[in-house]
Amino acid sequence: MAKTRADNRTRLLQAAEKVTYRYGFGKTALADIAQEARIPLGNVYYYFKTKDDIGGAIVDLRVSRFKKLLQQLDKADSPKERLCGFVQIKINNRETLARSGCPVGTLCSELRKNGGAVAKKSTVLFTEALAWMEAQFEAIGKGVDSRGLAVHLLSATQGVSVLAHTFHAPGMIEMEAARLKEWIRAL
């Protein structure tokens, strides 16, 4: 029975992530999540008491995935290669980003508009990214400029995701990513 409970929670969380990405967190109802997960609506409350609880669980899931991604990037031989690997992820996902936007940026922006505890919690997604990037720039030897360079890189990757989505133009990501990689390698 415990396995079924864990499976149902996982199904609900995966459904919530999918549906909120597709329609937006604010426009998604618990009924939409239950329907996507094929679980009765009343059962949702057993696993998640509020919609904010679901939002927090989505943030936790994305943080966990992001940390695993960073562990993979950390296997690269140099900080420049690691940073270029981060940029490459945008290229690899350019079609999805152009079609639906950045799942992290979109979620954080939407949650921030609504405020509350889950909005505050969502900042960890960008906090983790900035800290990791800053550490890479420090390893390159950029010292006190490392934080600013990290903000620039994260802003550029998020910005091009917004533009590619707005214009449904995955080529924008390829173009900007090439420039970013060239900039990183020249540091």
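All figures in this text were calculated on a predicted structure; none of them were measured in a lab.

Chemist: Help me understand the packing of helix α9 (residues 146-167) against helix α10 (residues 170-186), please; the structure alone is not making it clear to me.
Modeler: Viewed as axis vectors pointing N to C, α9 and α10 meet at an angle of 165 degrees, and their least axial separation amounts to 9 Å. As judged from the angle between their axes, α9 and α10 are roughly antiparallel. Relative to α10, α9 is oriented so that their crossing is right-handed. Along the contact surface, α9 presents Leu149, His152, Leu153, Ala156, Thr157, Val160, Leu163, Ala164 and Phe167, while α10 presents Met172, Ile173, Glu176, Leu180, Trp183 and Ile184. The residue makeup of the contact of α9 with α10, split by class, is 12 nonpolar, two polar and one charged.

Chemist: Help me out: how do you make sense of the environment of Ile54 in this one?
Modeler: Among the secondary structure elements, Ile54 is positioned in helix α4 (residues 51-73). Separated by 64 residues in the primary sequence, Ile54 and Val118 have C-alpha atoms spaced 9.2 Å apart.

Chemist: Mind showing me how you'd approach the side chain of Ser146 here?
Modeler: Assignment of secondary structure puts Ser146 in helix α9. Here Gly143 takes part through its backbone oxygen, which lies 2.8 Å from a polar atom of the side chain of Ser146. Beyond its immediate sequence surroundings of up to four residues, Ser146 is in contact with Glu134, Phe137 and Glu138.

Chemist: Would you explain helix α8 (residues 117-140) in this entry?
Modeler: Each full turn of the α-helix corresponds to 3.6 residues, which orients residues three or four apart in the same direction. With 24 residues, α8 should reach 34 Å at 1.5 Å per residue; the first-to-last C-alpha distance of 36 Å fits that figure. Its maximal kink placed at Phe126, α8 deviates by approximately 25 degrees. Turning to α8, its buried residues are Val118, Ala119, Ser122, Leu125, Ala129, Leu130, Trp132, Met133, Glu134, Gln136 and Phe137. Residues of α8 that are buried in the fold lie against α4, α5 (79-92), α7 (103-114), α9 and α10. Two residues or fewer after α8 comes Gly141, characterised by a positive phi angle close to 105 degrees.

Chemist: Would you take a moment to explain the nonpolar core for this structure?
Modeler: A general tendency of soluble globular proteins is for nonpolar side chains to be buried together. Ranked by size, the top nonpolar core spans 24 residues in total, and within it Leu12, Ile33, Phe48, Ile54 and Leu111 carry the most contacts. Those elements that provide at least two residues to this core are α1 (2-23), α2 (30-37), α3 (41-47), α4, α7 and α8. For this core, the leading source of residues is α4, giving five residues. Dropping the residues within four chain positions of it, Leu111 is found in contact with Phe25, Val59, Val118, Ala119 and Ser122. The next biggest cluster of nonpolar side chains, apart from the first, holds 21 residues, and it includes Phe66, Leu83, Ala129 and Leu153.

Chemist: When you look at the pattern of salt bridges in this model, what are you seeing that I'm missing?
Modeler: If the charged atoms of two oppositely charged side chains come close together, the side chains can form a pair. Tallying each qualifying case throughout the model produces seven salt bridges. Among the salt bridges present, the one from Glu17 reaches Arg62, with a minimum N-O distance of 3.2 Å. Linking Glu17 in helix α1 with Arg62 in helix α4, this pair joins segments that are 45 residues apart in sequence. Overall, Arg62 belongs to the buried group, its relative accessible area being 9%. Connected via shared salt-bridge partners are Glu17, Arg62 and Arg65.

Chemist: I keep staring at unusual backbone geometry and nothing clicks. Help me out?
Modeler: As a rule of thumb, non-glycine residues mostly have phi less than zero, and peptide bonds are mostly trans rather than cis. You will see that Arg38, though not glycine, has its phi angle at about 60 degrees, which is positive. For Arg38, the location among the structural elements is in the loop between α2 and α3.

Chemist: Explanation requested: the packing of aromatic side chains in the structure shown.
Modeler: Pairs of aromatic rings are described using the distance from one ring centre to the other and the angle between the two planes. By the definition in use, this model includes four aromatic pairs. Relative to Trp132, the ring of Phe86 has its centre 6.2 Å away and its plane inclined at 35 degrees; by these criteria the two rings are tilted. With a gap of 46 residues between them, Phe86 in helix α5 and Trp132 in helix α8 connect regions that are remote in the sequence. Here Phe86 matches Trp132 in class, with each residue buried.

What counts and how
Residues numbered from 1 in each chain as written. Predicted model: local features only at pLDDT ≥ 70, side-chain atom pairs only at ≥ 80, totals over all residues. Heavy atoms only, no water. Axes fitted to C-alpha atoms, helices over the stretch in contact; angles between N-to-C directions. Helix = DSSP H or I, 4+ residues; strand = E, 2+ residues; numbered from the N terminus. Parallel < 35°, antiparallel > 145°, perpendicular 65-115°, else oblique. Left-handed = near helix turned anticlockwise from the far one by under 90°. Contact = heavy atoms within 4.5 Å. Nonpolar A, V, L, I, M, F, W, Y, C, P; charged D, E, K, R; others polar. Polar contact = N/O pair within 3.5 Å; in protein donor to acceptor, adjacent residues only side chain to side chain. Expected span 1.5 Å × (residues − 1). Bend = angle between axes of the 7 residues up to and from the residue. Buried < 20%, exposed > 50% of the residue type's maximum accessible area, 1.4 Å probe, protein only. Core = buried A, V, L, I, M, F, W, Y, C linked by side-chain atoms within 4.5 Å. Salt bridge = Lys/Arg side-chain N within 4 Å of Asp/Glu carboxyl O. Phe/Tyr/Trp six-rings, centres within 6.5 Å; stacked < 30°, edge-to-face > 60°.

Everything listed here is a matter of geometry and, on its own, says nothing about what the molecule does.
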